[in-house]
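Descriptive analysis of the structure
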Amino acid sequence: MNKPMDLGIRKSVYQPTQEGRIFPQEFVSGSPAALREHRKRKLVAACRAFDAWDLDYGFAGHLTIRDPEHPELYWTNPVAIPFSQVKLSNLILVNHQGEVVEGDYAVNQAGFVLHAAVHAAHPDILAMCHAHTEYGVAFASLGKPLAPISQDACVFFEDHAVIREEAGQVAVEQGAGKNICDSFTGVKAAIHQNHGLLTVSRHSIDAAAFWFMALERCCKQELMVRATGVEPVLVPEDRARYSREHVGSEYIGWLHFQTVYEELVEDNPDMLD
Ligand SMILES: [Zn+2]
């Protein structure tokens, strides 16, 4: 019962079946240089989206995407530059030892510790996002997983972890990241107790960024509901899985982000400087 639909060659039920429709297409290229440029643009856009969603907290917050040619290196936003000022020209390329190998700016130490550990432990993970957000940080203090209170929350059903290791201790030493990276096996997100939210993607920075924004929103919604004192009605497990299969995939996260991207490019011409 409630088995996901067979979609044939389509990745999602949202892809049009009618030929010739204008619809976002995933970027495909055999050129590492073209892929790199594409990934960097999307990384900048993800940072600008985090600004638009008020996900800044001082210098805390880091987004990463692997380099297509040198997967042991990843592109990230520079430390102490607000998300609103991240642009192509100030991105940095960092190795797993935390050294900047391209770009002028410095790397966020805690960002390097966490992201390098996850990227090193999971060769399949392409992108990762972390920030100290208002609702995510508050929700993380509960030490509980997100409840399936809505279709939107179902995208994280059995697809996120609650990490209790190192809870509340700032991750600035290299060993700290290693203790949390096991939790990312087979899931797209994690709630780090007493710390905040993390998302990863095996597909794109687009998907990692959108699911991060979605997770923050879900945390906000669950906190609002719980603040009423009335117990929410939960989506039954089989329906929650069905919804997650249809609207919680990497592709769907990527597709959601395309609407954000188009708006950002139009409103923030400086982001591609
Ligand atoms: Zn943090």
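First, a word on scope: everything that follows refers to the structure included in this document. Note that the structure is a prediction, hence the values are computed from the model and not measured.

1. Overview of the overall build of the protein chain
For the protein chain, the count of helices and strands is eight helices and eight strands. Viewed in the frame of its principal axes, the protein chain has a C-alpha envelope of about 55 × 50 × 35 Å. Counting only residues that meet the buried cut, the protein chain has 41% of its 273 residues in that class. The long-range share in the protein chain, meaning contacts at least 24 apart out of those at least 6 apart in sequence, stands at 70%.

2. With respect to helix 8 (residues 250-267)
If you check helix 8, its first and last C-alpha atoms are 26 Å apart, about what 18 residues at 1.5 Å a residue would give, namely 26 Å. The sharpest bend along helix 8 measures roughly 25° and falls at Gln258. All buried positions along helix 8 are accounted for by Glu250, Ile252, Gly253, Trp254, Leu255, His256, Phe257, Tyr261 and Leu264. The secondary structure elements touched by the buried residues of helix 8 are helix 1 (32-52), strand 8 (196-201), helix 6 (205-227) and helix 7 (237-247).

3. A look at the packing of helix 6 against helix 8
The interhelical angle for the contact between helix 6 and helix 8, taken along N-to-C directions, is 80°, at an axis separation of 7 Å. Between helix 6 and helix 8, the interaxial angle falls into the category roughly perpendicular. In this structure, helix 6 uses Asp206, Ala207, Ala209, Phe210 and Trp211 to contact helix 8, whose residues at the interface are Glu250, Gly253, Trp254, His256 and Phe257. In terms of residue class, the contact of helix 6 with helix 8 is made up of six nonpolar, two polar and two charged.

What counts and what doesn't
Residues numbered from 1 in each chain as written. Predicted model: local features only at pLDDT ≥ 70, side-chain atom pairs only at ≥ 80, totals over all residues. Helix = DSSP H or I, 4+ residues; strand = E, 2+ residues; numbered from the N terminus. Buried ≥ 20, exposed ≤ 12 C-beta atoms within 10 Å, placed from the backbone. Contact = placed C-beta atoms within 7 Å. Expected span 1.5 Å × (residues − 1). Bend = angle between axes of the 7 residues up to and from the residue. Axes fitted to C-alpha atoms, helices over the stretch in contact; angles between N-to-C directions. Parallel < 35°, antiparallel > 145°, perpendicular 65-115°, else oblique. Nonpolar A, V, L, I, M, F, W, Y, C, P; charged D, E, K, R; others polar.

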